[in-house]
Amino acid sequence: MKKKLIVISSYPIKGTTHGEKTVGVASYTKNTLVEMKKIDPPLDITVMAETHEGETRYEEDGIHVSRSWRRGNIRDLYAVVKKIIALPYKKTVIVPIEIYMFGSLLHMAYVLGLLLLLKLKGIPVILVLHQVLEDMGNMERNKIKKGIFYMVKNMFYAYIIFLASKIVVFEEKFKKILPKSIKVVWIPHAIEQVHIQSKEVARTRLGLSPKAFITLYFGFLSPYKGVDKLLDVWKTTKENMLVIAGGANPNHALNKKYSKYVEKITKLAAKKQAIMTGFVPEDMIQYYFSAADVVILPYQLFFSSSGPLSLAFSYEKPVLLSEKIEDYFQSSDFRKGLKDISGLSQDAFIFKMNGEDISHKLAYIRNNISLSTQFARYIKKERSWKKVATKYAHLLAHI
């Protein structure tokens, strides 16, 4: 019997993978499903997706897409779950969990409540956690709010363990944060196979210096990603160029506080002579990564596996990670990569948030570009979409 898979997720506009109207969960979901379809062609996949103007129902890459719900609309979300229950065949449901995908935190809580209806009907639910938060670090200083967070966090994790048939996390660190359970499975964040432009061609296309050592920050601007802190300590020189390739997150575009944050970054970038691009269209992503010498992630919290980090590995670029996210190296493939490539240590890729240490680490990368590039290629091979899709197919087969 053909396996039926229903996915409730944000999803890119037809014909695209990355887009201005969707965040990382959409592109990741599409890539995952397309690769699963390649591994198992008979697999019947339907995506109950977020609505986009002009799109209703269509088939793409052998996947049925039904634009079924609007962000922040609880009636739409209820109708989706009700429709899934009414489908007259055996099915498995996959739901990526990203905090603001359905709207506010309350909308996410509502969806998790609705998924209980599926469990009660005996319909297996696989949750793919795009975020696993252990603490709030220095992002929240109010002790009362922190106390509430810890209480709610523990209740939330206990609930999803009860609710789900399986829970997928992207890094081994996240598996350790959740309550110990055989339901929790580590499947690494996959890495795309991409066309890599030559550095010379990319820089010419973008009008960037052919001689500068270019450090790239890529992705939407968010407080937890720490780009404001990076700009605060960045040492501007003729040799080192910082490119900030990304714009405002569409999920927060109407938030006044967030708008002020983006404005602050824009002013800081101008002061430090960093290049700000705004949103990067999908067809231009290849040029920014191909033009870069190193990709930097100044993140202040480690609660998700970074899409920009995966793209850095796709384009075989050395990476620099803030010490706040050094737990990437708890994942066995990262550790094995260091062991197999002699001459590298974890410290080579981790920086403290001060100008001196960042300059020191950039110099190290520059002087050891071959070794650090080998590490990127190793992770790219270990986290290939084919390997990751095979793990998802295996998981689905054993539900």
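Summarised in this report is the structure supplied together with it. Remember, it's a predicted structure, so these values are computed and weren't measured experimentally. (Residues numbered from 1 in each chain as written. Predicted model: local features only at pLDDT ≥ 70, side-chain atom pairs only at ≥ 80, totals over all residues. Heavy atoms only, no water.)

## Thoughts on the overall build of the protein
So, step 1. Looking only at helices and strands, the protein features 14 helices and 14 strands.
So, step 2. Relative to a compact globule of 399 residues, whose C-alpha radius of gyration would be 21 Å, the protein shows 21 Å and is just as compact.
So, step 3. Expressed along its principal axes, the backbone C-alpha trace of the protein runs to roughly 65 × 50 × 45 Å.
So, step 4. When the 399 residues of the protein are sorted by exposure, 55% land in the buried category.
So, step 5. Of all intrachain contacts in the protein linking residues separated by at least 6 positions in sequence, the fraction that spans at least 24 positions is 73%.
So, step 6. Taken as a whole, the protein presents about 18500 Å² of accessible surface, with 55% of it coming from carbon and sulfur.
So, step 7. When the 60 basic and 36 acidic side-chain charges of the protein are each reduced to a single mean position, those positions are 5 Å apart. (Helix = DSSP H or I, 4+ residues; strand = E, 2+ residues; numbered from the N terminus. Rg over C-alpha atoms; globule rule 2.2 N^0.38 Å. Buried < 20%, exposed > 50% of the residue type's maximum accessible area, 1.4 Å probe, protein only. Contact = heavy atoms within 4.5 Å. Areas by Shrake-Rupley, 256 points an atom, 1.4 Å probe, with all protein chains shown as cover. Lys, Arg positive; Asp, Glu negative; His and termini not counted. Charge placed at Lys NZ, Arg CZ, Asp CG, Glu CD.)

## Concerning the side chain of E35
So, step 1. Along the chain, E35 falls in helix 1 (residues 24-39).
So, step 2. We classify E35 as buried; its relative accessible area is 17%.
So, step 3. Apart from residues lying up to four places away in sequence, E35 is in contact with W385, K386 and A389.

## Side note on the packing of aromatic side chains
What characterises a pair of aromatic rings is the spacing of the ring centres plus the angle enclosed by the ring planes.
So, step 1. What the rule picks out here adds up to 19 aromatic pairs.
So, step 2. Aromatic ring contacts, followed pair by pair, group F174, F302, F313, Y328, F329, F334, F349 and F375 into a single cluster.
So, step 3. Note that K91 overlies the ring of Y89, its terminal NZ or CZ placed 5.8 Å from the centroid.
So, step 4. Over the ring of F162 we find K119; its NZ or CZ atom is 4.9 Å from the centre of that ring. (Phe/Tyr/Trp six-rings, centres within 6.5 Å; stacked < 30°, edge-to-face > 60°. Lys NZ or Arg CZ within 6 Å of the ring centre and 35° of its normal.)

## Quick notes on the nonpolar core
So, step 1. Within the largest apolar cluster, 108 residues are counted, with the highest numbers of intra-cluster contacts made by L127 and F375.
So, step 2. Those residues in contact with F375 that lie beyond four places of it in its chain are F313, F329, F334, G337, L338, I341, L344 and F349.
So, step 3. With 27 residues, the next largest nonpolar core counts Y11, M36, I94 and A190 among its residues. (Core = buried A, V, L, I, M, F, W, Y, C linked by side-chain atoms within 4.5 Å.)

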